[in-house]
Protein chains: 2
Amino acid sequence: MRPENQSGEQTRSFIEQARRAQIVRAAVETIAELGFAKSSFVRIAGRAGISPGLISYHFAGKDELIAQVAADIGAAMNEAIEERAAGARSYLDALRAMIRGLVLFCAEHRTEMYALREIAENAPASGGAAVDRNVSVDQLAGLLREGQEHGEFRAFDPHLMAVTLNAALEAAPRELYSRPETDAGRYAEELAETFALAVRRTGRGRRRHG
Amino acid sequence: MRPENQSGEQTRSFIEQARRAQIVRAAVETIAELGFAKSSFVRIAGRAGISPGLISYHFAGKDELIAQVAADIGAAMNEAIEERAAGARSYLDALRAMIRGLVLFCAEHRTEMYALREIAENAPASGGAAVDRNVSVDQLAGLLREGQEHGEFRAFDPHLMAVTLNAALEAAPRELYSRPETDAGRYAEELAETFALAVRRTGRGRRRHG
DNA sequence: ACCTGAACACCGTTCAAGT
DNA sequence: ACCTGAACACCGTTCAAGT
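Residue numbers restart at each chain and count upward from 1, following the sequence in its written direction. To label them, take the chains in the order written and letter them from A, then take the ligands in the order written and number them from 1. Reporting of local features is limited, given that this is a predicted model, to residues whose pLDDT is at least 70; pairs of side-chain atoms are given and counted only at 80 or more, and all residues count toward the totals for whole chains, interfaces and linings. The basis for the side-chain values is all heavy atoms of the structure; hydrogens and waters are excluded.

### Here we look at the protein's contact with DNA strand C
Filter applied, for reference: Any residue with a non-hydrogen atom lying within 4 Å of a molecule or strand is treated as near it. Polar contacts here mean pairs of N or O atoms no more than 3.5 Å apart (in protein, one a potential hydrogen donor and the other a potential acceptor; neighbouring residues in sequence count only if both atoms are side-chain atoms). Under the scheme used here, helices are H or I runs from DSSP no shorter than 4 residues and strands are E runs no shorter than 2 residues, and both carry numbers assigned from the N terminus. Amino acids outside the nonpolar list (Ala, Val, Leu, Ile, Met, Phe, Trp, Tyr, Cys, Pro) and the charged list (Asp, Glu, Lys, Arg) are all regarded as polar, and Gly is one of them.
Around DNA strand C, 16 residues are found, and the nearest of them are A:S13, A:R19, A:S51, B:F41 and B:K62. A share of 71% is what sugar and phosphate atoms reach among the atoms of DNA strand C within 4 Å of the protein. Here a phosphate oxygen of DNA strand C sits 3.1 Å away from a polar atom, N or O, in the side chain of B:R43. A distance of 2.6 Å separates a phosphate oxygen of DNA strand C from a polar side-chain atom of B:K62. In terms of residue count, helix 3 (residues 52–58) of chain A provides more of the surface near DNA strand C than any other element does, four residues in total. Looking at the surface near DNA strand C residue by residue, the classes come out as five nonpolar, eight polar and three charged.

### Focus: the domain arrangement of chain A
All names here are of chain A. As a reminder of what qualifies: Segment limits for the domains were obtained from an automatic or database-derived domain assignment. Here, two residues are considered to be in contact whenever any of their heavy atoms come within 4.5 Å of each other. Once two parts are put together, the accessible area they lose, assessed with a 1.4 Å probe and summed over both, is termed the buried area.
The domain boundaries assigned to chain A delineate domain 1 (1–59) and domain 2 (72–205). The interface of domain 1 with domain 2 comprises six residues on the first partner and seven residues on the second. Surface buried jointly by domain 1 and domain 2 totals about 580 Å² across both partners, of which 80% is contributed by carbon and sulfur atoms. Interface area lost by domain 1 to domain 2 is led by I31, A32 and F36, which between them contribute 69%. Taken together, the links from domain 1 to domain 2 amount to one residue pair in polar contact (both at pLDDT 80 or more).

### Looking at the interface of chain B and chain A
Condition: In the sections that follow, a salt bridge refers to a side-chain nitrogen of Lys or Arg positioned within 4 Å of a carboxyl oxygen of Asp or Glu.
Of the residues lining the interface, 39 residues belong to chain B; the matching set on chain A comes to 37 residues. Carbon and sulfur atoms make up 53% of the surface buried where chain B meets chain A, a total of about 3,200 Å² over both sides. The tally of links between chain B and chain A comes to two salt bridges. B:R186 is paired through a salt bridge with A:D157; the nearest N and O atoms lie 2.7 Å apart. For the pair chain B and chain A, the number of links is eight residue pairs in polar contact (both at pLDDT 80 or more). Element by element, the count of residues in the side of chain B that touches chain A is highest for helix 8 (residues 158–178) of chain B, at 11 residues. For the side of chain B that touches chain A, a count of residues per class yields 16 nonpolar, seven polar and 16 charged.

### Comments concerning the UniProt feature "domain: HTH tetR-type" (unreviewed entry) in chain A
Formally: UniProt positions are given in the numbering used here, feature names are shortened, and annotations may be inferred rather than shown by experiment.
UniProt annotation of "domain: HTH tetR-type" (unreviewed entry) refers to residues 17–77 of chain A when read in the numbering used here. What you have in residues 17–77 of chain A is 80% helix and 0% strand, and the ends, taken at the C-alpha atoms, are 22 Å apart.

### Here's the deal with the packing of aromatic side chains
Rules: For Phe, Tyr and Trp, rings pair up if their centres lie within 6.5 Å, where Trp contributes its six-membered ring, and each pair is then called stacked (planes under 30 degrees apart), edge-to-face (over 60) or tilted (otherwise). By the criterion adopted, a ring carries a charge over it if an Arg CZ or a Lys NZ lies within 6 Å of its centre and within 35 degrees of its normal.
This model, assessed by the stated rule, comprises two aromatic pairs over all chains. Just above the ring of B:F36 sits the side chain of B:K62; from NZ or CZ to the centre is 4.9 Å.

### Some words on the relation of the copies chain B and chain A
This is how the line gets drawn: Overlaid copies result from least-squares superposition on C-alpha atoms, with residues included only where pLDDT is at least 70 in both.
Expressed as a screw transformation, the operator carrying chain B onto chain A has a rotation angle of 180° and an axial translation of 0.0 Å, and the superposed copies differ by an RMSD of 0.1 Å. Both copies are brought into coincidence by an operation consistent with a two-fold rotation axis. Here 95% of the contact residues of chain B are again contact residues in chain A; the copies associate through an equivalent surface.

### As for the confidence of the model for chain A
This is how it is decided: Confidence of the predictor in every single residue is expressed as pLDDT, which spans 0 to 100.
Chain-level pLDDT for chain A is 86 on average; 87% of the residues reach the 70-or-more range. Across residues 205–210 of chain A, where pLDDT falls below 50, the model places three contacts with residues more than four positions away in sequence or in other chains.

### A few points about the protein's contact with DNA strand D
As a matter of local geometry, DNA strand D sits amid 16 residues, with A:F41, A:K62, B:S13, B:R19 and B:S51 nearest to it. Protein-adjacent atoms of DNA strand D, using a 4 Å cutoff, are sugar or phosphate at a proportion of 71%. Interatomic distance of 2.8 Å between a backbone N/O atom of A:F41 and a phosphate oxygen of DNA strand D. One nitrogen or oxygen atom from the side chain of B:S51 is found 2.7 Å from a base nitrogen belonging to DNA strand D.

### Considering the pattern of salt bridges
Residue and element names in this part refer to chain A. Heads up, the rule is: When accessible area is computed with a 1.4 Å probe and restricted to protein chains, residues below 20% of their type maximum are described as buried, those above 50% as exposed, and intermediate ones as partly exposed.
Under the criterion given, the structure shown has 16 salt bridges over all chains. Between R96 and E193 there is a salt bridge; the shortest N-O distance is 2.5 Å. Note that R96 is positioned in helix 5 (residues 91–108) and E193 in helix 9 (residues 184–199), a separation of 97 residues in sequence. Across the pair E190 and R186 runs a salt bridge, and its minimum N-O distance is 3.9 Å. Note that E190 and R186 are positioned in helix 9 at a spacing of four residues, about one turn of the helix. Taking relative accessible area as the criterion, R186 reaches 41% and is therefore assigned partly exposed. Because the salt bridges share partners, they merge into one network encompassing E29, E33 and R47.

### Examining helix 8 (residues 158–178) of chain A
In an α-helix, one turn spans 3.6 residues; hence positions three or four apart end up facing the same way. Residue and element names in this part refer to chain A. Threshold: Each helix should span, by expectation, one fewer than its residue count multiplied by 1.5 Å. By definition, a residue's bend is the angle between the axes fitted to the seven residues ending there and the seven starting there.
Here helix 8 spans 30 Å end to end across 21 residues, near enough to the 30 Å set by a 1.5 Å rise per residue. The largest bend along helix 8 reaches roughly 25° and is located at A172, with the proline P173 sitting one to four residues downstream. Summarising burial for helix 8: 17 of the 21 residues are buried, a large majority.

### Some thoughts on the UniProt feature "DNA-binding region" (unreviewed entry) in chain A
Sites flagged by UniProt as "DNA-binding region" (unreviewed entry) map to residues 40–59 of chain A. Its end C-alpha atoms 14 Å apart, residues 40–59 of chain A is made of 75% helix and 0% strand.

### Regarding the nonpolar core
Basically, it comes down to this: Here the nonpolar core consists of buried residues drawn from Ala, Val, Leu, Ile, Met, Phe, Trp, Tyr and Cys, with membership extended through side-chain atoms lying within 4.5 Å.
Grouped together as the largest cluster of nonpolar side chains are 124 residues, with contacts concentrated most on A:I55, A:L65, B:I55 and B:L65. Among residues more than four places away in sequence, those in contact with A:L65 are A:I23, A:V24, A:A27, A:F41, A:I44, A:I55 and A:F59.

The structure is reproduced here in structure tokens:
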């Protein structure tokens, strides 16, 4: 019988929080070192110095553990992105800043990205990809829609463009890992330019600066 | 001891080819019906009316079986795409035709796409995603580079644009499945327009300060 | 409440044995 | 060569038992 909780963190005891954090940390290290396939509960528990059964006690299942690992890393990514987008003077600048922020974050945290990539490659469903993707896509769609309402962007479908942009962003860690020689700064600029051209009002004889 | 072969299909006997095809078919049906997680060798073999050991006899491992399933479906996709791109009068038209072709193919083969998506979500590495992706990316990069050399496209990095486009294309089956109400024709047009704007020469003359 | 570790059901793979 | 099916090593999860 494991502790019940839906999403409230208040219901978790101090020990439980500490154990979960310890297990998540051990999982990240194990995945990064041995790869996802070899990261069994026995190995993760061994690294943490606890019994395998204790992992099942604190997590509903392997899915929840992996989801927590992905969520922790994803939260750091979002923080880095939003930090950069905050100072933007226009929606186009915000879009560019977000794209740059993500690509550069990936370049600066390659080891964490390796664990995340292992999860994405071997258990993306457990990694909360489906859930987090929709959150991310909806956020992007909101930004794009606002940019349209302010007359900065052309009349595309915000949701479909967000899906497309999200896919392009998710490809970044994969690309940076599989081609370590890639210049992250240039990648960031290329990607920012690509979507800037895709979303902006076509300037052919239309408006100039506001 | 299973039959050895590297990639040549000539070395495979008639029976082996038939068995492999039978097993692949059973795997596709099992994955589509029960999902990837429940598609064990025992269940696939049961559907095919054979022994589980026979699967290991004909395939080097589960990875190879899943890779074959993904490859068969992927081949059908590529065929549909290239068929459409063949009649294009320009590189921009070819790009648009490929994008439309893929999105519409996904819309017309949702059940096969379901199995492919199950694989992509649960075992993309086994699904040959890494290998096939590079092939596909290289092909796209080649097309983009040619378009640049013929003066149709602007001066982006062909490889990075191909990675981005490939990511956007791979998001299509996912999106069409998770939102069945999506108008595939409109999705195809939106995506084609997005990348047409991203790759074409900007009409405003040259870019400022390189 | 927290934790252990053996037991359990299941998995992919192997292999002696059949034809 | 082709195929079977029990045996094997391993997995995530459960649970009686300890504190």
